[in-house]
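Structure at a glance
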Amino acid sequence: FDHDQLPVGFAVGRDVSLAAITAIFSVEYLLRLWSCVECPEARGVGAWKARLVWAKSPLALIDLMAILPIYFEFVFSAQGGSGKSKSMLLRNVRLLRIFSVFRLEG
């Protein structure tokens, strides 16, 4: 089944849903990045260093890799290139979102 051949109503609904989910995940990621300095492990360390340490953690990287492909796809499509193979690769990387939903971060 080719996702590019969806009826117009479904395609619009898919795009709106994808934009809303991406916005929610992006805001949540940025809020966790900003507030990670309040964790007990971050005390005594500078705020930006604590954020960098958190951003390099495996679960934070999974979350980032789950949302970045959507932004890359937007940039590729805005550049006007064919982007079909790039788009398919990025769609496959989105599977990491499953890991971010089921993560067990403490």
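Refer to the structure printed above.
Anyway, here's the lowdown on the structure attached to this text.

About the criteria used
- Just so you know, the residues in each chain are numbered from 1, in the order the chain's sequence is written.
- pLDDT decides what is reported in this predicted model: residues at 70 or higher carry local features, side-chain atom pairs at 80 or more are listed and counted, and totals for whole chains, interfaces and linings draw on all residues regardless.
- To obtain the side-chain values, all non-hydrogen atoms of the structure were included, while hydrogens and water were left out.
- Only runs of H or I of at least four residues qualify as helices and only runs of E of at least two qualify as strands under DSSP, and these elements are numbered from the N terminus.
- When a residue's accessible area, from a 1.4 Å probe over protein chains only, is under 20% of the maximum for its type it is buried; when over 50% it is exposed; and in between it is partly exposed.
- Here the open area of atoms and residues is found with the Shrake-Rupley method and a 1.4 Å probe, where only the protein chains shown may cover a residue.
- Each reported salt bridge corresponds to a side-chain nitrogen of Lys or Arg within 4 Å of a carboxyl oxygen of Asp or Glu.
- Aromatic pairing here means that ring centres of Phe, Tyr or Trp (its six-membered ring) are within 6.5 Å. Orientation follows from the plane angle: under 30 degrees is stacked, over 60 is edge-to-face, and everything else is tilted.
- Distance and angle both matter: a charge sits over a ring if NZ of Lys or CZ of Arg is within 6 Å of the ring centre and within 35 degrees of the ring normal.

**Concerning the overall build of the chain**
Tallying secondary structure elements over the chain gives five helices and zero strands in all. In sequence order, the secondary structure elements of the chain are arranged as α-α-α-α-α. Out of the 106 residues belonging to the chain, those deemed buried represent 25%. Carbon and sulfur atoms make up 73% of the accessible area of the chain, which amounts to about 7700 Å² in all.

**Some thoughts on the pattern of salt bridges**
Counted by the stated rule, this structure contains two salt bridges. Between Glu-28 and Arg-32 there is a salt bridge, with the nearest N and O atoms lying 2.8 Å from each other. Of this pair, Glu-28 and Arg-32 both sit in helix H1 (residues 8-35), four residues apart, which is roughly one turn of the helix. Taking the relative accessible area as the measure of exposure, Arg-32 reaches 15% and is therefore buried. In this structure, Asp-63 engages Arg-32 in a salt bridge whose closest nitrogen and oxygen atoms are separated by 2.3 Å. With Asp-63 in helix H3 (residues 58-78) and Arg-32 in helix H1, this residue pair connects regions lying 31 residues apart in the sequence. One continuous salt-bridge network, built from bridges that share partners, spans Glu-28, Arg-32 and Asp-63.

**Quick look at the packing of aromatic side chains**
Tallied over the full model, the rule gives two aromatic pairs. With a centroid separation of 5.3 Å and 50° between ring planes, the pair formed by Tyr-29 and Trp-54 is classed as tilted. With Tyr-29 in helix H1 and Trp-54 in helix H2 (residues 47-55), this pair connects stretches of sequence that are 25 residues apart. A single burial state applies to Tyr-29 and to Trp-54, both of which are buried. Ring plane angle 75° and centroid distance 6.2 Å describe the contact between Trp-34 and Trp-48, whose orientation is recorded as edge-to-face. Taken together, the residues span a long stretch of sequence, with Trp-34 in helix H1 and Trp-48 in helix H2 at a distance of 14 residues. According to the relative accessible area criterion, Trp-34 is exposed, its value standing at 55%. Residue Trp-48 is classed as exposed on the basis of its relative accessible area, which comes to 63%. Its end group placed over the ring of Trp-34, Arg-51 keeps NZ or CZ at 3.9 Å from the ring centre.

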